[in-house]
Structure formats: C-alpha cells, structure tokens
Amino acid sequence: MNVDELFKNAGVPSKRKLDPVRDPNEIYKSAKLSTNGSRHAQVEDEEDTEAGPAPLAEDAEDYGDYSPSAPPIEDDGDDEEGRFFGGGITTQEKEILDFMDRNTTNPADDLLTTDKIDLTWLKKTALNFEKRITRNAELRARHEDDPSKFIDSEADLDASIKALSILSEHPDLYADFARLGCVSSLVSLLAHENTDIAIDAVEIINELTDEDVAASDEQFSALTDSLLEADLLGLLVSNFSRLDEQHEADRTGVYHALSIIENLCSRRETADQIGKHVELLEWLLSRAKKSEAPTVSQNKQYAAEILAILVQSSPANRRRLASDELNAVDTLLTLIAPYRRRDPERGSFEEEYMENLFECLTCLVDEHIGKTKFVEAEGVELCLLILSSSDVKGKLSKPACLRLLDHAASFSSEVCLKIVEAGGLKTLFTLFMSGDKSDKDKKKGKGTTTISKQDTEHLLGIFASMLRHLPAASPGATDETTGAERIRLLAKFVEKDYAKTSKLIRLRRDYSARVNQVDQAIKAEAASSPEDFDEDDAFSRRLDAGLFCLQTIDVILAWLIAEDTGCRAKIRELLKDRDEGFEVLAKTLREQRDGVDGETEEGRDTGEMLKALLEFLE
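Residues numbered from 1 in each chain as written. Predicted model: local features only at pLDDT ≥ 70, side-chain atom pairs only at ≥ 80, totals over all residues. Heavy atoms only, no water.

Where an unreviewed UniProt entry is consulted, the chain appears under the name Catenin-beta-like protein, with the organism given as Pseudoneurospora amorphoporcata. Here is the UniProt Subcellular location (unreviewed entry) comment for the chain, exactly as written: "Nucleus". (UniProt positions renumbered as here; feature names shortened; annotations may be inferred.)

Structural data, given as structure tokens:
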C-alpha cells in the first residue's frame, strides 16, 4: 500500500502549486487570521426556505399525517419573527451544542481562531505541535505496515504545521519560538518519511524567513541561527535528492527550498556559512547544468541565481567555487558556450539563467584563483569568439561577455597576455571603432554598428589594464618576444593616422562636458544651501555623468604620452584645438590618486602608477 497516496486522498487540503507565470511571492501563502480573527466560512442562502423537517411529498396527504410534532418554540431573543421555530432543535440538544462550542475538541481550530497572538498562545501552539509530532511518530513505528492506522495523525500533523504560518506576522515571537525548541522540531520534519509533510515544513520555513516579514535583525538572526544549528542545509540537500521534479508537488518543494537559501543569504555571515556547505554547492552546480528541453525550467534558473547570490556576497565563496574541488569556472564556461550562436527568448527563464551564469563568472574572475582558472579553461578564447561572431543571433551575450573580460583582465598580466596571444586586439579595437565611418566604409555601407556606453566603459577598462600589466621590453633582454605584446598594443593606437587615439580624445570631450555640467550644478546647490549638501550624493552624481570613464581615458592617454613620442605629439595637438594641455589630464589623475585606498596592496600599486604617470604630464 502506498503511504503517500493514502495521505493525498485522506481529505487533507492540497498544497500550493508553483505557477511559473505569476510572481513567486504571490504563488502561495498559508491561511492567515482575518481582521476579526475568524477563519469560518460564510454561507449564503440561495432561497428562502424554512428550517425544520423536509416537507412531505404532495401525495403524502392521502396517507395521513405521520410527521413528528413540532418542538416547543423558545424565544431567546435571536428570532424576532419566530419563523425558525427555535432553530428546529430541542432545549436539550441546544445545551449539548453550546457545551461543544465552549469545549472544542480541535486544538488547532482553537489556535487559529484566538484573538491574541502572544507568548501564551505560542506555548500552547508549541505544545500541540510537539504532541502531534510525537503521536505521528509513535503510530508510524507501531503500525509501520498499516498506513490506515496513522493516516489521521498525519493529517493532524499537517494541520499543525500549516497553523505555524501565522508566526510570520508576529516576528517578535521568533526568539521564543526558537527557545521552545519548535524550530529544531520543524526542521526535523524535513526528514519525515512522507515527502508531503517534508514539503509542508519547507514551505512554512520559507514563509518565516521571507524578506517581506517585518523582522528586526535580532529577531531574524534568532530564527536563522536556530535553523542552521538544526542542520537545515543538510536536510535541504537530502530532500533535493529524494524529490522528483517530474511531479508538480515535488517541483514546488524544490522551488521553496531554494527560496529558503536565498532568504538566508540576506545576511553576509549566513551566506558565508552556506558557502561552506560543499554538498549544497555541488548540487547547485549540477542542477544548473542539468539538461532540460525544450526550455530552461524555473528551478534550473533559480539554482543559477542562488550561485550568483553566493559569489556576490562573499570573497570566500568565490575562492571556494573556483577551487580545484568544485571547478565552477570550467563548468560555467561550458554552460555559456551555446549562447555564442543563439539568443534566449526575451523575458524567459532562460534569459535570466544566462545572465546569472555570466554574473557568476564575472564575480569568480575577480579573485586571483578565478583568473588563473579562467585562462586554463580557455575562457579568454571563448569570450573573443563570442565578441567576434558576426552571427545575428548571440547578440545578447556580447555585453555580458565584454564585462566578463574586463573583470578578468583587471590586475592580471596573465589574462592580458592571453588576450594579445589569442588575437584579441583586432576584435576589441574593431568593437571600439564601430560606428566610426571612413569615407571608404561610407560608400560600402559599413561601420553602422554602434556600442552602448557600458560596452565602451568595459573596452576602456580592458585597454587600461593591458597598458598597465603587459610587460615592457627590458634592456639587454635576449628573448626577442619580450615586450612584443605591449608593442603590438601601442601600434594599434598609432595605426591609420592615430585613429584610435583621436577617438579617445573625442570620448574625453564628451565625458568631460557631462562631468563639468554636473560639477557646476553641484557648486550652485552647495552655495545656495550648504547645510543640505551631501558629499556622497554629489560624488554619485558625478559617477553617473561619466567620471569613471573620464578617469580611465586620461590614464590611457597618459600611458600613450609616456611611451610613444608620436602619440604624445598627436595628443598635444588634439588638446590644443580646445586650448587645453596636459594639465587637464594631470588634474584628473591627481583627483584619482587622492581617492585611492592606500591600505590595500592594489591601492598602493595604483597610487604608485598614477604618481609615475603624473611625472610625464608635468
């Protein structure tokens, strides 16, 4: 006999079902108390019929009147017209019903209809909850081969679990809920033999930890700490392995389990702790790469999203995923490769899935070990293939790919060398010059492609990284290739009558005009109301206007001035068109140097680089 089937057909209310079209936050909410504290259904009369015994058939009069006599009418004030004849029950029957109403035999109903949710209510609820768990466990152990003997206790347990939903409206009771041991008992139900009970527990935990719950940090911490101490993560992983997503109920259970992990990641400390659970990380990676057809499912997308959240929240998580044990960089590169020649459907789960994969990789390559793994797994070559592809399809992946390459090249001579060795200069500078038409291209109709401001920012970042990290030729070096990559990069800014250098100057004028406009507005506001001036807000506005791009362009120009006499003369000539000189570049570099964090190694290196470049501008 199948226990699960018995349970499903035992009259227990059905669980919520995941609707992929609707907002996940609106998919399911357990029953909550209404404003008057009542959950009783309201019945509307369809037709005005009198209470009492059903009338006899029309032909019954031929056989005499054998109906019972009407009970005495009692006027208790409820029936003004007396039309219901006292409700159709005797005085003794009425007393029995009143006694039953005063002494309800269903504690769960009593808990749900209580007017006051406080510590007393919580203790009563906790006691009833523990009793239901114990009773079900005893009956299951005693009648293991006869599910009909414990099915009623399972239905009672199901009702008690759902009754805990009201706690999400009273987070002030979270600490007491944990202190009474109910949290560990609730988590233990994830190991229940009946997966329906386990899924119920998962759904309630998801509700209690939801970001919409108005809990303070202290209240939320009391609950989450207790959940993790009860081995919530281990039990979630064990449920992932036993739930079959081919069935809707199990698929919903996996979704809510992933939602719990997302909720817990709202605290960085908790995210670090989750990242230490290697089995969970392994399952997330395997779920993200699980083959599905014809489209990516919501749970597959959610697994990739959880990975992105984990790597965004903690450097330790990034290093752990990039390690040899998990080798996430190679796995994720394999997953983004198909998007070289095709685009996911707009607004679909697959589009979010692809974005999350790129987000994971971008965070991973911010770490030194991630950069190394990226080069070893031929990530640079894959990015250049995606960027150089002329296929109409595969366009959605290009901006994310350019951003990934920008992060990988930052503070990495290894990645910068690989870009040049793989022939990436042609690809990157072709993108940089897109939209600029020569007379020859105008006749052929070429050069109409333009790139976004974000793409331009990432290209500038890659150029700045290569100028900073590509090795220069050392005096007396015997290796003919020493410094060759750097020379090839500098040659790109010289070729075609300094076309790339000229575009840098045009971009600088554009960004400088925007930043100057914002600076003037900020000065006017500061002069009119100095007490309301917010320095952080002013800096944020300057960044939005393009301050970062302006600084990056000036660093690139400073490198060109320092290393190539031809570029130096060309830049001086172009700046003179606006009555400007190297001083405008030096001003930007000094501001950038003053904002560098000298406490970190990277900050100190950047400060020394800017100091050296300033010497060539003065």
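Thoughts on the overall build of the chain
Secondary structure assignment for the chain yields 30 helices and zero strands. In the chain, buried positions account for 44% of the 618 residues. The contacts of the chain with a sequence gap of at least 6 include a subset with a gap of at least 24, amounting to 73%. Only carbon and sulfur atoms are counted for the fraction: they give 48% of the accessible area of the chain, which is about 33400 Å². (Helix = DSSP H or I, 4+ residues; strand = E, 2+ residues; numbered from the N terminus. Buried < 20%, exposed > 50% of the residue type's maximum accessible area, 1.4 Å probe, protein only. Contact = heavy atoms within 4.5 Å. Areas by Shrake-Rupley, 256 points an atom, 1.4 Å probe, with all protein chains shown as cover.)

Thoughts on the pattern of salt bridges
Oppositely charged side chains can pair when the atoms bearing their charge come close. Scanning all chains against the criterion turns up 28 salt bridges. Between E245 and R287 there is a salt bridge, and its shortest N-O distance comes to 2.9 Å. Here R287 lies in helix α13 (residues 278-288) and E245 lies in the loop between α10 (232-242) and α11 (248-264), a separation of 42 residues in the sequence. As far as the burial class goes, E245 and R287 line up, both buried. Residue K492 pairs with E495 through a salt bridge whose shortest N-O separation is 3.7 Å. Note that K492 and E495 are positioned in helix α25 (residues 484-528) at a spacing of three residues, about one turn of the helix. Residue K492 is classed as buried on the basis of its relative accessible area of 19%. The class of E495 is partly exposed, set by a relative accessible area of 28%. Taken together, the salt bridges that share partners define one network made up of D158, K162 and D200. (Salt bridge = Lys/Arg side-chain N within 4 Å of Asp/Glu carboxyl O.)

Notes on the packing of helix α28 (residues 565-576) against helix α29 (residues 582-594)
Direction vectors running N to C along α28 and α29 enclose 100°, while the axes themselves pass 9 Å from each other. In terms of orientation, α28 lies roughly perpendicular with respect to α29. Contact residues: α28 offers R568, I571, R572 and L575, while α29 offers F582, V584 and L585. Each residue belonging to the contact of α28 with α29 can be placed in one class, and the counts come to five nonpolar, no polar and two charged. (Axes fitted to C-alpha atoms, helices over the stretch in contact; angles between N-to-C directions. Parallel < 35°, antiparallel > 145°, perpendicular 65-115°, else oblique. Nonpolar A, V, L, I, M, F, W, Y, C, P; charged D, E, K, R; others polar.)

Describing a nonpolar patch on the surface
A surface patch of nonpolar side chains, about 280 Å² in accessible area, is lined by F539, L543 and F548. Along the chain, F548 turns up in helix α27 (residues 547-563). (Patch = residues over 30% accessible without salt bridge, like charges linked within 9 Å, V, L, I, M, F, W, Y side chains within 5 Å.)

Examining the confidence of the model for the chain
In the predicted model, the chain carries a mean pLDDT of 83, and 77% of its residues have values of at least 70. With pLDDT under 50 throughout, residues 5-17 is counted as low confidence; its partners more than four residues away or in other chains account for 32 contacts. (pLDDT = per-residue confidence, 0-100.)

What about the packing of aromatic side chains?
Applying the stated criterion to the full structure yields seven aromatic pairs. Note on F429 and F463: the rings are 4.4 Å apart at their centroids and 10° apart in plane angle, and the pair reads as stacked. Placement of the pair is F429 in helix α22 (residues 424-432) and F463 in helix α24 (residues 453-469), with a sequence separation of 34 residues. The pair formed by F429 and F463 is uniform in burial state, with each residue classed as buried. Relative to F493, the ring of F463 lies with its centre 6.0 Å away and its plane at 85°, an arrangement referred to as edge-to-face. Of this pair, F463 sits in helix α24 while F493 sits in helix α25; the two residues are 30 residues apart in sequence, bridging distant segments of the chain. Across this residue pair, the class does not change: F463 and F493 are buried. (Phe/Tyr/Trp six-rings, centres within 6.5 Å; stacked < 30°, edge-to-face > 60°.)

Regarding the nonpolar core
In this structure, L186, F374, L405, L428 and M466 are the most contacted members of the largest nonpolar core, which totals 154 residues. Residues within four places of M466 in sequence aside, it is in contact with C416, I419, V420, L425, L428, R486 and L489. (Core = buried A, V, L, I, M, F, W, Y, C linked by side-chain atoms within 4.5 Å.)

Let's talk about the environment of Q273
Relative to the assigned elements, Q273 resides in helix α12 (residues 268-275). The exposure class assigned to Q273 is partly exposed, which follows from its relative accessible area of 41%. Along the sequence, Q273 and N317 sit 44 residues apart, while their C-alpha atoms lie 9.2 Å from each other.

A closer look at the packing of helix α19 (residues 379-388) against helix α21 (residues 413-421)
Put simply, α19 and α21 touch, their axes get as near as 9 Å, and they point 50° apart. Comparing the axis directions of α19 and α21 gives the class oblique. The chirality of how α19 crosses α21 is right-handed. Across from V380, E381 and L384 in α19, the residues of α21 making contact are V415, K418 and I419. For the contact of α19 with α21, the residue count by class is four nonpolar, no polar and two charged. (Left-handed = near helix turned anticlockwise from the far one by under 90°.)

Some words on the side chain of T331
Structurally, T331 can be placed in helix α16 (residues 328-336). By relative accessible area, T331 is classed as buried at 15%. Here N327 takes part through its backbone oxygen, which lies 3.4 Å from a polar atom of the side chain of T331. (Polar contact = N/O pair within 3.5 Å; in protein donor to acceptor, adjacent residues only side chain to side chain.)

Points about helix α26 (residues 535-545)
Inspection of α26 places A538, R542 and A545 among the buried residues, and these make up the whole buried set. Along α26, the residues classed as buried sweep out an arc of 60° about the axis, all on the same side. When the buried face of α26 is taken as reference, the exposed residues oriented beyond 90 degrees from it are D536 and D544. Next to the buried residues of α26 lie α25, α27 and α29. Trailing α26 by a residue or two, G546 shows a phi angle of about 115°, which is positive. (Arc of directions from axis to C-beta.)

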